[in-house]
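Here are the chains, one letter per residue:
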Amino acid sequence: MQWRNLLKKSSSSIAGLPPALQPDSKEAARVVSRYPMRINPYYLSLIRERHDPIWKQAVPDIQEINDTVCMADPLGEEHLSPVPNLVHKYPDRALFLVTSQCAMYCRFCTRKRKVGTKSMLITQDTIEAGLDYLKKTPVVRDVLVSGGDPLLLDDDFLDWLLASLRAIPSIEIIRIGTRAPCTLPMRITTRLVKVLKRYHPLYINTHFNHPLEITPESSRACRRLADAGIPLGCQTVLLRGVNDQAEIIQELLRKLLMIRVKPYYLFQGDMTRGTNHFRTSIESGLAIMRSIIGHMSGLAVPTYAVDAPGGGGKIPLTPNYIKEFGDKLVFSNYCGKICTYDNQKLEYRND
Ligand SMILES: *Cc1c(COP(=O)(O)O)cnc(C)c1O
Ligand code: SF4
């Protein structure tokens, strides 16, 4: 089926779900009026049963409206937007939000405050204001086109948008952040790929969270993009009860490499209001990283990072392999074996 038709057949209310997949609490229907629900038939077909890792990502939970811990805008994006829907936080790159729509509304979304709702107002005017800002701000070399999910825009609009970005000489890299290869792989049509490949260097960062999401359909979508010369990265989020176990993340990373997607970031869950029940501890994330580094192909190793609340940006978190600083550095390797490195001799040589 065509992706537009699949999207039209999405479930957008609890009552629209098969009874066997409805949440335990009748009150979950109240969640949907605050945080929209959309589960397209493809992503729905990946659910095997209630409470499985796919179900948890897609089906509303009453805990979303009972969260008293987290913040609406934990990354301080609204304060870092010189024009609406463009976040300029780092010196040389900017995040450009070009649609509020997604193929599936992830329950843990970091932009839950606005994604899929009327409060995320994106129009031709806001997009042109973003393009103007980028034109006037040549320090930005790398533009992350995001949303929402930019691949929910139609081919002709994307063609225009990418051409407009490419017409700005200071922009070197265009990146698209999209979950479509995972949540609606039918969107990756040959026609779309033909449009995208005209705007190299173009990178795509997609978002898989669980090995069950790597299917023949999502593999084919990634193959089409990779065959068009588009480097693919993955931004996975650690989610309690979904993927917060070393074996699950390891299997995911291996399977991503097999579909030519390079694991890029493994994110600690943001402190986003409505997602507190998904958060895991940083210690458990570091333990997962320790189980990966050195034990798996270096290609499979993402950067584990926390996006600091308040707009501090992404901070890499790495298990500590240094045991002692000093003239002799003492380390433990990936197996726990102690190793040393003579630091003092180096200083003599510098004199
Ligand atoms: C994540 C992010 C970027 C890109 O960061 P990289 O580390 O280069 O991937 C840029 N701008 C904002 C606001 C971001 O959140
Ligand atoms: S696809 Fe991305 S932007 Fe859309 S709901 Fe999921 S996490 Fe949020």
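Details of the structure are given in the entry above.
The following refers to the structure shown. These numbers were taken from a predicted model, which means no experiment stands behind them.

Definitions and limits used
Residues numbered from 1 in each chain as written. Chains lettered and ligands numbered in written order. Predicted model: local features only at pLDDT ≥ 70, side-chain atom pairs only at ≥ 80, totals over all residues. Heavy atoms only, no water. Pairing = 2+ DSSP bridges. Helix = DSSP H or I, 4+ residues; strand = E, 2+ residues; numbered from the N terminus. Buried < 20%, exposed > 50% of the residue type's maximum accessible area, 1.4 Å probe, protein only. Polar contact = N/O pair within 3.5 Å; in protein donor to acceptor, adjacent residues only side chain to side chain. Axes fitted to C-alpha atoms, helices over the stretch in contact; angles between N-to-C directions. Contact = heavy atoms within 4.5 Å. Phe/Tyr/Trp six-rings, centres within 6.5 Å; stacked < 30°, edge-to-face > 60°. Lys NZ or Arg CZ within 6 Å of the ring centre and 35° of its normal. Near = heavy atom within 4 Å. Nonpolar A, V, L, I, M, F, W, Y, C, P; charged D, E, K, R; others polar. Salt bridge = Lys/Arg side-chain N within 4 Å of Asp/Glu carboxyl O.

## Side note on the pairing of strand 12 (residues 338-342)
In this structure, strand 11 (residues 328-332) lies alongside strand 12, joined through five bridges in antiparallel fashion. Within the sheet, the bridge partner assigned to Ser332 lies in strand 12 and is Ile338.

## Some remarks on the side chain of Ser164
Within the secondary structure layout, Ser164 lies in helix 6 (residues 155-166). On the basis of relative accessible area, Ser164 is assigned to the buried category, the value being 18%. A distance of 2.7 Å separates a polar side-chain atom of Ser164 from the backbone oxygen of Trp160.

## Some words on the sheet that holds strand 11
Read from one edge of the open sheet, three strands run 10-11-12, paired in antiparallel fashion. Each edge of the open sheet carries a strand with a single partner, namely strand 10 (322-324) and strand 12. Adjacent strand axes in the sheet meet at a mean angle of 35° when their direction is disregarded.

## Here we look at the sheet that holds strand 3 (residues 142-146)
Strand order in the open sheet formed by nine strands is 1-2-3-4-5-6-7-8-9, and the pairing between neighbours is mixed. Whereas interior strands pair on both sides, the edge strands pair on one side only; in this sheet they are strand 1 (86-87) and strand 9 (313-316). Sheet analysis places strand 7 (residues 261-267) next to strand 8 (residues 303-308), joined by three bridges and oriented parallel. Looking at the pairing, Phe267 lines up with Ala305 of strand 8. Sheet strands touched by helix 10 (residues 246-258): strand 6 (232-237) and strand 7. Its angle to strand 7, the strand with the most contacts, is close to 150°.

## Some words on the packing of aromatic side chains
For the coordinates displayed, the defined rule picks out four aromatic pairs. Each ring, one from Tyr264 and one from Tyr265, has its centre 4.5 Å from the other, and the planes form 55°; the classification is tilted. Under the relative-accessibility criterion, Tyr264 is labelled partly exposed at 31%. Members of the aromatic cluster, joined through ring pairs, are Tyr264, Tyr265 and Phe267. If you follow Lys112 out to its NZ or CZ, it ends over the ring of Tyr35, 4.4 Å from the centre. Arg290 extends its terminal NZ or CZ atom over the ring of Tyr321, reaching a point 5.0 Å from the ring centre.

## Structural notes on the site of ligand 1
Around ligand 1 sit Val87, Lys89, Tyr90, Arg93, Leu95, Leu144, Arg175, Tyr264, Tyr265 and Lys314, and those are all the residues in its vicinity. Take Tyr265: an N or O atom from its side chain is 2.5 Å from an oxygen atom of ligand 1. A distance of 3.0 Å separates an oxygen atom of ligand 1 from a polar side-chain atom of Lys314. When residues of the shell around ligand 1 are traced back to their parent elements, those giving at least two are strand 2 (93-97) and strand 7. Grouping the amino acids of the shell around ligand 1 by side-chain chemistry returns six nonpolar, no polar and four charged.

## Considerations on the environment of Trp55
Structurally, Trp55 is set in helix 4 (residues 53-58). Between the C-alpha atom of Trp55 and that of Gly311, which follows or precedes it by 256 residues, the distance is 31 Å.

## Some points on the pattern of salt bridges
This model, assessed by the stated rule, comprises 22 salt bridges. One salt bridge in this structure joins Arg30 and Glu27, with 2.6 Å as the shortest N-O distance. Given a relative accessible area of 41%, Glu27 falls into the partly exposed group. Between Arg141 and Glu172 there is a salt bridge, with the nearest N and O atoms lying 3.1 Å from each other. In this pair, Arg141 sits in the loop between helix 5 (124-136) and strand 3 while Glu172 sits in the loop between helix 6 and strand 4 (173-177), placing the two residues 31 residues apart along the sequence. Here Arg141 falls in the partly exposed class, since its relative accessible area comes to 42%. Each of Asp73, Glu77, Glu78, Arg111, Arg113 and Lys114 takes part in a single network of salt bridges with overlapping partners.

Bear in mind that shape data such as this cannot, by itself, settle questions of function.
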